[in-house]
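What the coordinates show
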Amino acid sequence: MEITEKVLNTLKEAGEPLNAGKIAEISGLDRKEVDKAMKTLKENGSIVSPKRCYWEPAK
């Protein structure tokens, strides 16, 4: 599974907005990998931020 997919799936399974540190902790990925994947997901509109520094899948 690609890292971006894993980050997105972690957010979907959590059912609540998460920050990058929590995503890394839950998924077992390195924080730098999570940050890089989140940048891609933000650019293509797959995730949105309901509040500062927290992200959730786009509806």
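Our structure is the block above this text.
Residues numbered from 1 in each chain as written. Predicted model: local features only at pLDDT ≥ 70, side-chain atom pairs only at ≥ 80, totals over all residues. Heavy atoms only, no water.

1. Concerning the nonpolar core
As a rule of thumb, soluble globular proteins bury nonpolar side chains together. Just so we agree on the cut-off: To form a nonpolar core, buried Ala, Val, Leu, Ile, Met, Phe, Trp, Tyr and Cys residues must be joined to one another through side-chain atoms within 4.5 Å. Think of it in three bands: residues with accessible area under 20% of the maximum for their type are buried, residues over 50% are exposed, and the middle band is partly exposed, with areas taken using a 1.4 Å probe on protein chains only. Segments assigned H or I by DSSP are reported as helices when at least four residues long, segments assigned E as strands when at least two residues long, and all are numbered from the N terminus. The contact criterion used throughout is that any non-hydrogen atoms of two residues lie within 4.5 Å.
Among the nonpolar cores identified, the biggest contains 14 residues, and Val7, Leu11, Ile23, Val34, Met38, Leu41 and Ile47 are the most heavily contacted of them. Here the element with the most residues in this core is helix 3 (residues 31-43); it accounts for 4 residues. Those residues in contact with Ile47, other than ones at most four positions away along the chain, are Leu8, Leu11, Met38, Leu41, Lys42, Trp55, Glu56, Pro57 and Ala58.

2. Brief notes about the pairing of strand 2 (residues 54-57)
The criterion, for reference: DSSP calls a pair of strands paired once it identifies at least 2 bridges connecting them.
As defined by bridge partners, strand 1 (residues 47-51) adjoins strand 2 across 3 bridges and the pair is classed as antiparallel. Within strand 2, the residue paired with Lys51 across the bridge is Tyr54. Taking the residues between adjacent antiparallel strands as the criterion, strand 1 and strand 2 are bridged by 2 residues, where Cys53 takes a positive phi near 70°.

3. Looking at the side chain of Thr4
Tracing the sequence through the fold places Thr4 in helix 1 (residues 3-14). Of the residues examined, Thr4 reaches a relative accessible area of 16% and is grouped as buried. Every residue in contact with Thr4, bar those within four places of it in the chain, is listed here: Ala37, Thr40 and Leu41.

4. Digging into unusual backbone geometry
In this model, Cys53 sits at a positive phi of 70°, which is unusual for a non-glycine residue. You can see Cys53 is positioned in the loop between strand 1 and strand 2. Using a relative accessible area of 49% as the deciding quantity, one classes Cys53 as partly exposed.

5. Some points on the packing of aromatic side chains
The geometry of an aromatic ring pair is captured by the separation of the ring centres together with the interplanar angle, meaning the angle of the planes. Note the cut-off: The criterion for an aromatic pair is that two Phe, Tyr or Trp rings (for Trp, the six-membered ring) have centres within 6.5 Å, with stacked assigned to planes under 30 degrees apart, edge-to-face to planes over 60 apart and tilted to the rest. Counted as over-ring charges are cases with an Arg CZ or a Lys NZ within 6 Å of the ring centre that also lie within 35 degrees of the ring normal.
Counted under the stated rule, the structure contains 0 aromatic pairs. Between the NZ or CZ atom of Lys51 and the centre of the ring of Tyr54, over which it lies, the distance is 4.7 Å.

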